[in-house]
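Listed below are the residues making up each chain.
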Amino acid sequence: MEYGDERIQSSPMPTPRTLRGRYNIPYQLLRFLRLNFRMIAMVTKGHH
Amino acid sequence: MWEHAVARAVVLGAGVSGHTAALYLRKYLGREHEVVVVTPNSKWNWIPSNIWVGVGEMTKKDVTFPLAPIYKRKHIDYRQARAVAIRPEGNESSPKPTVEIVYTAPDRSGMVEHLEYDYLINATGPKLNFGATPGLGPDAGNSVSVCTADHAEHASAELAKAIEKLKAGQKQTFLIGTGHGTCTCQGAAFEYTFNVEHELRQHGVRDRAEVIYITNEYELGDFGVAGLHFEQQGFVSSSQTFTESLFHERGVRAILRAHVERVEPGKVHYETLDGQKSSIAFDFAMLLPPFTGVGFQAFDRAGNDITSEVFAPNGFMKVDADYTKKPFEEWRASDWPRTYQNPTYRNVFAAGIAFAPPHQISKPRSSPNGTVITPAPPRTGMPSGVIGRTVALTIRDMIKKGATEPTHHASLTEEGAACIASAGKSLTKGSAAAMTMFPIVPDYEKYPKHGRNVKDTYGEIGLNAHWMKHVLHYVFIYKAKALPGWWMLPE
């Protein structure tokens, strides 16, 4: 077994609730807005 | 009052950085000034979406468009040619600087021209150095690539063949990653890995396929930027944990700290950081090449070769960075360039991938055999576009206001970047991992603990990131087509 595989096998797995949340449209729309704000803030900080 | 003369700005390359620079130069300079773009390609390519082409979710036409109509509409002089040499002091008969170009356009193929310039932006991007690893790449025929739209279409066709074999009941091994110990763009390899894995699930053949990620990263989640730390549910978590968890969830194996030595039909030979040499069999391999500069030369007025003064040994152009050789512990954020001006020739700039970084971002490491196994620093689309705009604004001020020093700056130590690795194309069934980082190059003086602002650095998996990838695809192609209001869209 490669080094990477050992680490992978002991890494955390998402819970069923987390997996459902990734495809929950209303929740993801909120996260999408948040991601937009994050990216706009990041772009604004980087422009001089 | 400053009386500006008619000037010619020549941009070499029409990728994200060069194309952005050319559009801004044209926007800000009056028609009395010339903006010339020299690029061997006839089409612009939104490279991040090549990943989708590589799994058959998009076609080459979806990610490219012809440059000539855009440049005609914007009154930019477009030469389909490649630069082979610059003479920044002119030649014995004239002190006017020139760039030597060789046409690649079918109607003028092979014609040579010495193009005079007042300002030069080298935005030639990388040479895809498949030759560094024997047997690597689509030309050698043993592995595929997604670096260009053509490569990605070829990869898609090969992937479809492998999926057909799986459907016929055969087992297949998919090996995806970096094809050399000094590669960059681990994010692209990571994204392609999970796109392939997603396609295998969609086709109902995942159980017969082994998906293996092979990388020169020291640990998963390094991405050539020494990994990331971000705040998550009250903890500061690492991109290593984040990435390993995704590999665990999707059943993808990983070979880390690997330098691919050679690729044979169906077999990769590699060395790991501990000096061990191994090989692995595959049925489908997408392995990225390392990058170098495109390799054009520079000559002084007397015709002496000054390439080594203008360019770093890796072929990228020297700019206002600190290239002093020093140990990792002494690396500073201030080593990184801010203006992208060549220190010798002040009217020459290098933007995007074409500038020589002062050093890696990830800690440099070598095997006991002396093999360097360290990611080169990535320079993704967002900073490349910002650098192109920054250099264009400086040149505008030099031409129109007589500025003698660069007036704008954009350091990778003060800029953020986003990496969105999206799998599938369906708006409700696709998935993606979004990561943002600020700044790109860690600044341990400003952020002593992790080198970055953990609040602005972030990682999340979900449909929202997948939607963002779609938005970026359409927004950046809109901007690159210079459609109304293009300049209001950020780089």
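Here the structure is a predicted model, which is why all the values come from computation and not from measurement.

### Here we look at the overall build of chain B
Phase 1: The number of helices and strands found in chain B is 10 helices and 24 strands.
Phase 2: Its C-alpha atoms give chain B a radius of gyration of 23 Å, within 12% of the compact-globule value 23 Å for 491 residues.
Phase 3: Seen through its C-alpha atoms, chain B measures out along the principal axes to roughly 70 × 50 × 45 Å.
Phase 4: Summarising the internal contacts of chain B: among those between residues at least 6 apart in sequence, 67% fall at separations of at least 24.

### Re the overall build of chain A
Phase 1: When helices and strands are tallied, chain A shows three helices and zero strands.
Phase 2: Written out in order from the N terminus, the α and β elements of chain A read α-α-α.
Phase 3: Taking all 48 residues of chain A together, 21% fall into the buried category.

### Quick look at the sheet that holds strand β17 (residues 277-281) of chain B
Residues and elements named next belong to chain B.
Phase 1: On the basis of which strands lie adjacent, the open sheet formed by three strands has the order β15-β16-β17 and antiparallel pairing. Two strands bound the open sheet, and with one partner strand each, they are β15 (258-264) and β17. Each strand axis lies, on average, 25° off the axis of its neighbour in the sheet, ignoring direction.

### Things to note about helix α9 (residues 381-401) of chain B
Residue and element names in this part refer to chain B.
Phase 1: Taking 1.5 Å of rise per residue, the 21 residues of α9 would be expected to cover 30 Å, and the 29 Å separating its terminal C-alpha atoms lies within 8% of that figure.
Phase 2: Here α9 lies mainly inside the structure; 18 of its 21 residues are buried.
Phase 3: Two residues or fewer after α9 comes G402, characterised by a positive phi angle close to 75°.

### Brief notes about the sheet that holds strand β10 (residues 172-178) of chain B
Residue and element names in this part refer to chain B.
Phase 1: Reading across from one edge, β14-β11-β10-β18 is the order of the four strands in this open sheet, with parallel pairing throughout. Lying at the two open borders of the sheet, with one neighbouring strand each, are β14 (253-255) and β18 (284-288). Across the sheet, the mean angle separating the axes of adjacent strands is 15° when strand polarity is ignored.
Phase 2: Both β10 and strand β11 (residues 209-214) contribute to a ladder of six bridges, which runs parallel. By the bridge assignment, Q172 is partnered in β11 with A209.
Phase 3: Together, β10, β11 and β18 form the strand contacts of helix α6 (residues 186-202), whose direction differs from that of β10 by roughly 160°.

### Things to note about the interface of chain A and chain B
Phase 1: With 25 residues of chain A at the contact, the number on the chain B side is 34 residues.
Phase 2: The element that contributes the greatest number of residues to the side of chain A that touches chain B is helix α3 (residues 25-46) of chain A, accounting for 10 residues.
Phase 3: Here the side of chain A that touches chain B is composed, by residue class, of 11 nonpolar, seven polar and seven charged.

### As for the confidence of the model for chain B
Phase 1: For chain B, the mean per-residue pLDDT works out to 94, and 99% of the residues sit at or above 70.
Phase 2: Listed scores for the predicted complex are pTM 0.94 and ipTM 0.90.

### What to know about the nonpolar core
All names here are of chain B.
Phase 1: Grouped together as the largest cluster of nonpolar side chains are 155 residues, with contacts concentrated most on V10, V11, A21 and A351.
Phase 2: In terms of residue count, α9 provides more of this core than any other element does, nine residues in total.
Phase 3: With sequence-adjacent residues up to four places away left out, V10 is seen in contact with V36, V38, V99, L115, Y117 and L120.

### Section: unusual backbone geometry
Residue and element names in this part refer to chain B.
Phase 1: For the bond running from F438 to P439, omega is -5°, close enough to zero to count as cis.
Phase 2: Residues other than glycine seldom take positive phi values, yet F223 does so here, at roughly 55°.
Phase 3: Residue placement: F223 occurs in the loop between β11 and β12 (229-232).
Phase 4: One non-glycine residue, R257, lies in the positive phi region at around 60°.
Phase 5: With respect to the element layout, R257 can be found in the loop between β14 and β15.
Phase 6: Among the residues examined, R257 registers 24 C-beta atoms within 10 Å and is labelled buried.

### Regarding the pairing of strand β13 (residues 235-238) of chain B
Residue and element names in this part refer to chain B.
Phase 1: Here four bridges tie β12 to β13, and the two strands are oriented antiparallel to one another. Paired with F230 across the bridge in β13 is S237.
Phase 2: Between β12 and β13, which pair antiparallel in sequence order, lie two residues; one of them, Q233, sits at a positive phi of approximately 50°.

### Examining the packing of helix α1 (residues 16-28) of chain B against α9 of chain B
All names here are of chain B.
Phase 1: Axis separation between α1 and α9 bottoms out at 7 Å; the angle between their running directions is 35°. Note on packing geometry: the crossing formed by α1 with α9 is right-handed. Contact residues: α1 offers V16, S17, G18, T20, A21, Y24, L25 and Y28, while α9 offers G381, S384, G385, I387, G388, R389, V391, A392, L393, I395 and R396.
Phase 2: Tallied by class, residues from the contact of α1 with α9 come to 10 nonpolar, seven polar and two charged.

### Comments concerning the confidence of the model for chain A
Parts of the prediction with low pLDDT should not have their coordinates interpreted in detail.
Phase 1: Confidence along chain A averages 85 in pLDDT terms, with 88% of residues attaining 70 or more.
Phase 2: Per-element averaging of pLDDT across chain A places helix α1 (residues 3-9) of chain A at the bottom with 83 and helix α2 (residues 16-21) of chain A at the top with 92.

### Topic: helix α10 (residues 463-480) of chain B
All names here are of chain B.
Phase 1: Counted at 1.5 Å a residue, the expected span for α10 with its 18 residues is 26 Å, and the 26 Å between its end C-alpha atoms agrees.
Phase 2: Within α10, the full set of buried residues consists of L463, N464, A465, H466, W467, M468, K469, K479 and A480.
Phase 3: At the exit of α10 stands A482, carrying a positive phi of roughly 55°.

Calculation rules
Residues numbered from 1 in each chain as written. Chains lettered and ligands numbered in written order. Predicted model: local features only at pLDDT ≥ 70, side-chain atom pairs only at ≥ 80, totals over all residues. Helix = DSSP H or I, 4+ residues; strand = E, 2+ residues; numbered from the N terminus. Rg over C-alpha atoms; globule rule 2.2 N^0.38 Å. Contact = placed C-beta atoms within 7 Å. Buried ≥ 20, exposed ≤ 12 C-beta atoms within 10 Å, placed from the backbone. Pairing = 2+ DSSP bridges. Axes fitted to C-alpha atoms, helices over the stretch in contact; angles between N-to-C directions. Expected span 1.5 Å × (residues − 1). Nonpolar A, V, L, I, M, F, W, Y, C, P; charged D, E, K, R; others polar. pLDDT = per-residue confidence, 0-100. Core = buried A, V, L, I, M, F, W, Y, C linked by C-beta atoms within 7 Å. Left-handed = near helix turned anticlockwise from the far one by under 90°.

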